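Commentary on secondary and tertiary structure
Listed below are the residues making up each chain.
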Amino acid sequence: MSSHPHSPAKESVIDLLGMLAYGELVAFDRQAIDARLAPDLRRRAQLSTMAADEIHNYRQLVARITELGADPQAAMKPFVHVIDAFHDSTAPRNWLEGLVKAYVGDSIADDFFREVAGLLEPADRDLVLEVLHNEDHAEFAVTEITAAIADNPAVAHRLALWARRLVGEALSQAQRVAAEHDSLTLLIVEGTGDLAKVGELIKRLMQAHAERMTTIGLNN
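Quick summary incoming for the structure in this document. The shown structure was predicted, so the numbers you read here are calculated from the model rather than taken from an experiment.

Observations concerning the layout of surface pockets
By volume, the largest pocket amounts to about 1,000 Å³. Lining of the largest pocket is provided by 37 residues; of these, Met19, Ala109, Phe112, Ala170 and Ala174 occupy positions nearest its centre. Broken down by element, the lining of the largest pocket gets its largest block of residues, eight residues, from helix 4 (residues 95-117). Along the wall of the second largest pocket there are 22 residues; nearest its centre are Ala102, Ser107, His133, His137 and Ala138. Ranked by residues supplied to the lining of the second largest pocket, first place goes to helix 4 with 10 residues. Residues that form the lining of the second largest pocket fall into these classes: nine nonpolar, six polar and seven charged.

Shown next as structure tokens:
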């Protein structure tokens, strides 16, 4: 028996998993590059380990897309341009910017996917929740950023501006995804049964983001 009044269309689920899969692939590339910005080998190894997690997640998503009868490359392709555009416009210049980007960008994306996962059938819901970043990722970033600000309070303002820019870029790319991929918007609207719920979802994502900024002292 379906766990929802309307089971999401297979096309919507494949689109969602395709977007997640390409996101994981890019996250692997990005973290492997950011690891080279690390100030020492311990931190470099930590980031490289996290990059390895992204590839593991990518493989799980690809396996599920295949199981659903779709071609993983075809499922990912529509999202390549928009995800690449976000990363190209927000390339970190140093170790701290890379950490803020991972903390801010990944957390907003994870919050979104966590919300949408609740609209899926159990097998897909569990997979989506499993591939989201675990607390270790956030804790690592929080520890590093707060220590850097404590060491040099002047960096807080610069990082706060950077965080705001990241959110602006993330929102504009999210709008593009919504405009270009009706199936994903439909997934949310059908799952919640109400277009107004999309606005409420965005409000919750922004509230959670504001709380994270306070956690790392970047809410100025």
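Focus on the nonpolar core
Residues Leu16, Leu17, Met19, Leu61, Ile83, Phe113 and Val128 are the most contacted members of the largest nonpolar core, which totals 34 residues. For this core, the secondary-structure elements that each account for two or more residues are helix 1 (10-35), helix 2 (41-67), helix 3 (72-89), helix 4, helix 5 (122-131), helix 8 (182-192) and helix 9 (196-215). At nine residues, the largest contribution of residues to this core is made by helix 1. Not counting residues within four places of it along the chain, the set of residues in contact with Met19 comprises Phe79, Ile83, Phe112, Phe113, Val177 and Leu184. Among the nonpolar cores identified, the runner-up in size contains 29 residues, and Ala38, Trp95, Val142 and Trp162 belong to it.

So, helix 5
Listed in full, the buried residues belonging to helix 5 are Asp124, Leu127, Val128 and Val131. Down the axis of helix 5, the smallest arc covering the buried residues is 95 degrees, so these residues share one side. Contacts from the buried residues of helix 5 go to helix 1, helix 2 and helix 4.

So, the side chain of His209
Counting through the fold element by element, His209 comes out in helix 9. His209 has contacts with Val104, Ile108 and Val167, leaving out every residue within four places of it along the chain.

How each quantity is defined
- Residues numbered from 1 in each chain as written.
- Predicted model: local features only at pLDDT ≥ 70, side-chain atom pairs only at ≥ 80, totals over all residues.
- Heavy atoms only, no water.
- 1 Å grid on protein atoms, 1.4 Å probe; cavity = no way out; pocket = protein on both sides within 12 Å on 5 of 7 lines; lining within 4 Å.
- Points joined across faces, edges and corners; volume = space filled by probe spheres on them.
- Helix = DSSP H or I, 4+ residues; strand = E, 2+ residues; numbered from the N terminus.
- Nonpolar A, V, L, I, M, F, W, Y, C, P; charged D, E, K, R; others polar.
- Core = buried A, V, L, I, M, F, W, Y, C linked by side-chain atoms within 4.5 Å.
- Buried < 20%, exposed > 50% of the residue type's maximum accessible area, 1.4 Å probe, protein only.
- Contact = heavy atoms within 4.5 Å.
- Arc of directions from axis to C-beta.

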